[in-house]
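Below, each chain spelled out in residue letters.
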Amino acid sequence: MTHAPHLSRRGLLAAGTAAAALPVLAPSTASVATTRAAGKVRRTPYTFRNAEIVGGGFVTGIVFNQREPGLVYARTDIGGAYRLDTASRRWIPLTDWIGWDEYGHTGIISIATDEVDPDRVYLAAGTYTMPEWDPSMAAILRSTDRGRTWKTTPLPFRLGGNMPGRGIGERLVIDPNRNRILYLGVRGGHGLWRSTDHGKTFAKVTSFPNAGNFVIDPSDPDGYNGDNLGVLQVVFDKRTGRAGKATRTIYVTVADKDNILYRSTDAGATWERVPGQPTGFIPHHAVFDHVGGCLYLATSNTAGPYDGSKGDVWKLDTATVTWTRISPVPSTSDDNQYGYSGLTIDRQNPNILMVSTQVKWYPDCILFRSTDGGASWTRAWDLGPNSERTLRYDIDISAAPWLTWNASPSLPEMAPKLGWMMESVQIDPFDSDHFMYGTGATIYGADNLTDWDSGGTVHLSVRAQGLEETAVMCVISPPVGAAHLFSGVGDVGGFRHKDFRKAPKMYDSPTFGGTPALDYAELAPHTIVRVGHPTSGWTQHFAVSTDSGDTWTPSRSEPAGVTGPGVEDQAVAISADGRRIVWSPAGAPVSWSDDHGATWTASKGLPAGAAVRSDRVNPAKFYAYDSGVFYLSTDGGQSFEATAATGLPTAGNVRFKPVPGHEGDIWLAGGTDKPTTPTPYGLWRSTDSGTSFTRFEAVDEGDVVGFGKAAPGATYPAVYTSSKIHGVRGIFRSDDAGRTWTRINDDRHQYAWTGNTMTGDPRVHGRVYFGTNGRGVIYGDPSEV
């Protein structure tokens, strides 16, 4: 599994404030006048939690504090940062306060934890370097209370928390002797930066001689692979300073295959290229042995994290400036078909090193361990003559049973894998038996690491509890069945949640790498359909269940030309009675089936790629939307006609949803405020099957809408939306069909971008489910008073 970049969709919006009711009159069925505000302000406190998946994305860095035992942080590429709670052994999310406008600050390229003052922690935040993917500039987020509260230092450039090379580093570091000083290595040719005031301000280190030159694809100057990887990591020799005085000797690695390492011996005033250094590879991780005075480097021929076919591990004796190649398998060997990345030293015994292959997809990545400073190595697994593997470890995945991807591979492959994209491997500086490492999907760790050296078995287990890093594409909540929640997520398929506190297995038969869309039949809700990207040997993009997700049947055929499952959250719809399915796949026409996918027929009157939904009462009605035009079918999706509705958004993130129990009642949210694509942006409702829509005047910017169980005494479902209402951005609920709105989240629980998918629970009034772009599935319930 690769963790591909997730493209957030959003507008340039204002952050929310405290929970407050924001009144709006319900719309009429007319197609002209907008609604006006009225009503009384009130507050509704909510409690938000994750429906646990446990991990699900690339953990790019794990950072132990070097002074305080048990203080450790983790960073992710799109899901923010975490601190480990040692009592519960669960990760505490630290960046849920990041709002809609600054969604890019959830991509964390580096973490720095202060060994002088362990209460201080810093994040280098910014997801993409391309403005069209992430309009906001990067920032340093700084905290003096271990991440409970934060202040922001804006930066004049972009970082790359979800860009190539994101596992390298750490790029942000604190001087271990004078903690007012921080260094930041920056990509894009911006060089090395420094702060002398605890990160409040930064300035470029103009004396640093090399801003890097390694570009993955020079022919893509404005794209994902087109920027200079830059200055990579800063490492201090803390023996050359004392408390309150700046450390004198500093090493900096650079993405320049001919000049990978520089040194300053005067606290950063001047710099020199370290003589005798190896060339030809990119340094991914550097570790300094403060006892023996050696610097270790793990290198690869690519930026990673998905690739890397050659590399070496080097040891620099800084006293004699002598270099020794200590690679477990040197790059000169034909057996070396991988780079090296994750690198760590045992601070209790600095002769003990560990390093990981950057990526070795087949049959598995490798962890190497040395107890003699790199002179010799042993492997976590060895391969026998008949493809059998001898293991120095076992793995307990009971906390995340989906980590097998439903696979039963033939040897020498195994499920679960030891890992992939293993850019961060860390031995606890206070406990030689405790270590953790990140993968493209989780954190693994063990508490008996030294058993490796005596021929014992290291007991690995999932250590990502509390860390949720999936990009959620769709959620549904059927009114019957053991599971209240079904989700479709990127990279790791999707899940049926019977218990929100436990990670379930992913859907199978077929297994999807990502599930963009789900739907259930409103009047026959045991019947559920899903579409996704096939993996684990499957070829089908479609599956149906008639027993509430206990079992699934893949389609026997597909529309000709299908290349993918279709648009997120709106690619497939099933009629209210469960007999007719309409699917809008990629690469093929919108098509219908009346035999659960055994055969398909192209629908008439719809453009390819249109978003589709079913009426929740009338089995013959389906709806579609594309580029500002709303479509209606009254013959079960066989044919569609454009309605007379006007004034709908023609671009942007548009989501529409019919209302359970109310035929012809449809809500539509979306639009964009980008000046280059002017279009309406708001929330609309139709009560005549999409013939006309009325806009809610108080909803400045609407992004997604969902419905749940009606309030006691009410007949209309509760309405939920992620929107900007009366100038306030947040998650809102209305119990009176939109006459009044209550913001139910607060500024500490904003979850960045929440505009993709949302639904209420049809069995529990007040419960809402929504997807995030990196923090998994969130559900909220009214707090007990």
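Please read these numbers as outputs of a predicted model, since none were measured by experiment.

The subject of this paragraph is the overall build of the protein. The number of helices and strands found in the protein is zero helices and 59 strands. For 785 residues, the compact-globule estimate of 2.2 N^0.38 gives 28 Å, and the C-alpha radius of gyration of the protein, at 27 Å, lies within 12% of that figure. Burial analysis of the protein (785 residues in total) assigns 63% to the buried set. Taking as baseline every contact in the protein between residues at least 6 positions apart, the subset at least 24 positions apart corresponds to 56%. With 73 positive and 81 negative side-chain charges, the protein shows a separation of 5 Å between the mean positions of the two kinds.

An order of S23-S24-S25-S26 is seen for the four strands of this open sheet, with the pairing classed as antiparallel. Looking along the sheet, the strands with just one partner apiece sit at the ends: strand S23 (340-345) and strand S26 (378-379). In the sheet, strand S25 (residues 367-370) pairs with S26 via two bridges, with the strands oriented antiparallel. Note that in S26 the partner of Phe-368 across the bridge is Arg-379.

This part is about the pattern of salt bridges. Any two side chains of opposite charge can pair, on the condition that their charged atoms come close. Within this structure, the stated rule accounts for 32 salt bridges. With its nearest N and O atoms 3.5 Å apart, the salt bridge here joins Glu-701 to Arg-729. Of this pair, Glu-701 sits in strand S53 (residues 699-708) while Arg-729 sits in strand S55 (residues 728-734), placing them 28 residues apart in sequence. Per residue, the accessibility class of Glu-701 equals that of Arg-729, and both read buried.

Time to look at the nonpolar core. In terms of nonpolar packing, the biggest core is built from 72 residues, with Trp-91, Leu-367, Trp-402, Leu-403, Phe-435, Tyr-437 and Ile-443 touching the most fellow members. Dropping the residues within four chain positions of it, Phe-435 is found in contact with Met-354, Leu-367, Val-425, Gln-426, Ile-427, Asp-428, Tyr-444, Gly-445, Ala-446, Leu-449, Val-458 and Leu-460. Core analysis: the next-biggest nonpolar cluster, separate from the first, contains 19 residues, Leu-94, Ile-108, Ala-139 and Trp-150 among them.

Our focus in this paragraph is the packing of aromatic side chains. Throughout the structure, instances matching the rule amount to 34 aromatic pairs. Each ring, one from Trp-402 and one from Trp-405, has its centre 5.4 Å from the other, and the planes form 75 degrees; the classification is edge-to-face. According to the relative accessible area criterion, Trp-405 is buried, its value standing at 9%. Measuring from centroid to centroid gives 6.3 Å for Phe-696 and Trp-741, while their planes differ by 80 degrees, and the two rings are edge-to-face. Pair noted here: Phe-696 is in the loop between strand S52 (694-695) and S53 and Trp-741 is in strand S56 (residues 740-743), with a separation of 45 residues, a long-range link. Trp-741 carries the same exposure label as Phe-696, and that label is buried. Grouped by ring-pair contacts, the aromatic residues Tyr-46, Phe-48, Tyr-751 and Phe-770 constitute a single cluster. The aromatic ring of Trp-381 is capped on one face by Arg-379, whose charged end is 4.6 Å from the ring centroid.

In this section: the sheet that holds strand S34 (residues 472-476). Taken in spatial order, the three strands of this open sheet run S34-S35-S36, and their pairing is antiparallel. If you trace the sheet from one side to the other, it starts and ends with S34 and strand S36 (494-497), each paired once. Strand-to-strand twist of the sheet, defined as the mean angle between neighbouring strand axes without regard to direction, takes the value 15 degrees. For S34 and strand S35 (residues 485-489), the ladder comprises four bridges, and the chain directions are antiparallel.

A separate point is the pairing of strand S22 (residues 322-325). Where strand S21 (residues 313-317) lies against S22, four bridges are found, and the strand directions are antiparallel. Note on S22: the bridge partner recorded for Leu-316 is Trp-323. Here S21 folds back onto S22, and the loop between the two strands holds four residues, one of which, Val-321, carries a positive phi near 55 degrees.

Structurally, Ser-477 can be placed in the loop between S34 and S35. Of the polar contacts made by the side chain of Ser-477, one reaches the backbone oxygen of His-484; its length is 2.6 Å. Ser-477 has contacts with His-484, Tyr-520, Thr-759, Gly-760, Asp-761, Pro-762 and Tyr-769, leaving out every residue within four places of it along the chain.

Taken together, the side chains of Lys-151, Arg-178, Arg-180, Lys-200, Arg-242 and Lys-245 make up a positively charged region of the molecular surface. Secondary-structure assignment places Lys-245 in the loop between strand S15 (231-237) and strand S16 (249-254).

Let us look at the side chain of Arg-613. Structurally, Arg-613 is set in strand S45 (residues 611-614). Separated by 3.3 Å, the side chain of Arg-613 and the backbone oxygen of Asp-569 make a polar contact. A distance of 2.9 Å separates the side chain of Arg-613 from the backbone oxygen of Phe-656, its partner in a polar contact. Arg-613 has contacts with Asp-569, Gln-570, Ala-573, Phe-622, Tyr-623, Phe-656, Lys-657 and Pro-658, leaving out every residue within four places of it along the chain.

Once that is clear, we can look at the confidence of the model for the protein. In this model, the protein carries a mean pLDDT of 93, and residues with pLDDT of at least 70 account for 94%. Ignoring residues within four places in sequence, the model shows residues 1-42, a span with pLDDT below 50, making 168 contacts including any to other chains.

Moving on to unusual backbone geometry. Here the bond from Gly-304 into Pro-305 is cis, since omega is 5 degrees, no more than 30 degrees from zero. Assignment of secondary structure puts Pro-305 in the loop between strand S20 (294-300) and S21. Look at the link from Leu-411 to Pro-412: it is a cis peptide, with omega at 15 degrees. Along the chain, Pro-412 turns up in the loop between strand S29 (393-396) and strand S30 (425-427). The phi dihedral of Trp-405 is positive, around 55 degrees, even though this residue is not glycine. By the element assignment, Trp-405 lies in the loop between S29 and S30.

What follows is about the pairing of S15. Buried residues dominate S15, accounting for seven of its seven residues. Of the strand pairs in this sheet, S15 and S16 are connected by six bridges, and their pairing is antiparallel. When the bridges of S16 are listed, Val-231 appears paired with Val-254.

Bringing the environment of Asn-653 into the picture now. Within the fold, Asn-653 resides in the loop between strand S48 (641-642) and strand S49 (655-658). Taking the C-alpha atoms as reference, Asn-653 lies 44 Å from Glu-115; in sequence the two are 538 residues apart. Only 3.3 Å separates the side chain of Asn-653 from the side chain of Arg-655, close enough to count as a polar contact. Among the polar contacts made by the side chain of Asn-653, one reaches the main-chain carbonyl oxygen of Gly-755 at a distance of 2.7 Å.

By secondary structure assignment, the location of Gln-337 is in the loop between S22 and S23. Its relative accessible area of 56% is what places Gln-337 among the exposed residues. Contact partners of Gln-337, with chain neighbours within four places excluded, come to Gly-308 and Ser-309. Here Asp-334 takes part through its backbone oxygen, which lies 3.4 Å from a polar atom of the side chain of Gln-337.

What counts, and at which threshold
- Residues numbered from 1 in each chain as written.
- Predicted model: local features only at pLDDT ≥ 70, side-chain atom pairs only at ≥ 80, totals over all residues.
- Heavy atoms only, no water.
- Helix = DSSP H or I, 4+ residues; strand = E, 2+ residues; numbered from the N terminus.
- Rg over C-alpha atoms; globule rule 2.2 N^0.38 Å.
- Buried < 20%, exposed > 50% of the residue type's maximum accessible area, 1.4 Å probe, protein only.
- Contact = heavy atoms within 4.5 Å.
- Lys, Arg positive; Asp, Glu negative; His and termini not counted.
- Charge placed at Lys NZ, Arg CZ, Asp CG, Glu CD.
- Pairing = 2+ DSSP bridges.
- Salt bridge = Lys/Arg side-chain N within 4 Å of Asp/Glu carboxyl O.
- Core = buried A, V, L, I, M, F, W, Y, C linked by side-chain atoms within 4.5 Å.
- Phe/Tyr/Trp six-rings, centres within 6.5 Å; stacked < 30°, edge-to-face > 60°.
- Lys NZ or Arg CZ within 6 Å of the ring centre and 35° of its normal.
- Axes fitted to C-alpha atoms, helices over the stretch in contact; angles between N-to-C directions.
- Polar contact = N/O pair within 3.5 Å; in protein donor to acceptor, adjacent residues only side chain to side chain.
- Patch = residues over 30% accessible without salt bridge, like charges linked within 9 Å, V, L, I, M, F, W, Y side chains within 5 Å.
- Areas by Shrake-Rupley, 256 points an atom, 1.4 Å probe, with all protein chains shown as cover.
- pLDDT = per-residue confidence, 0-100.

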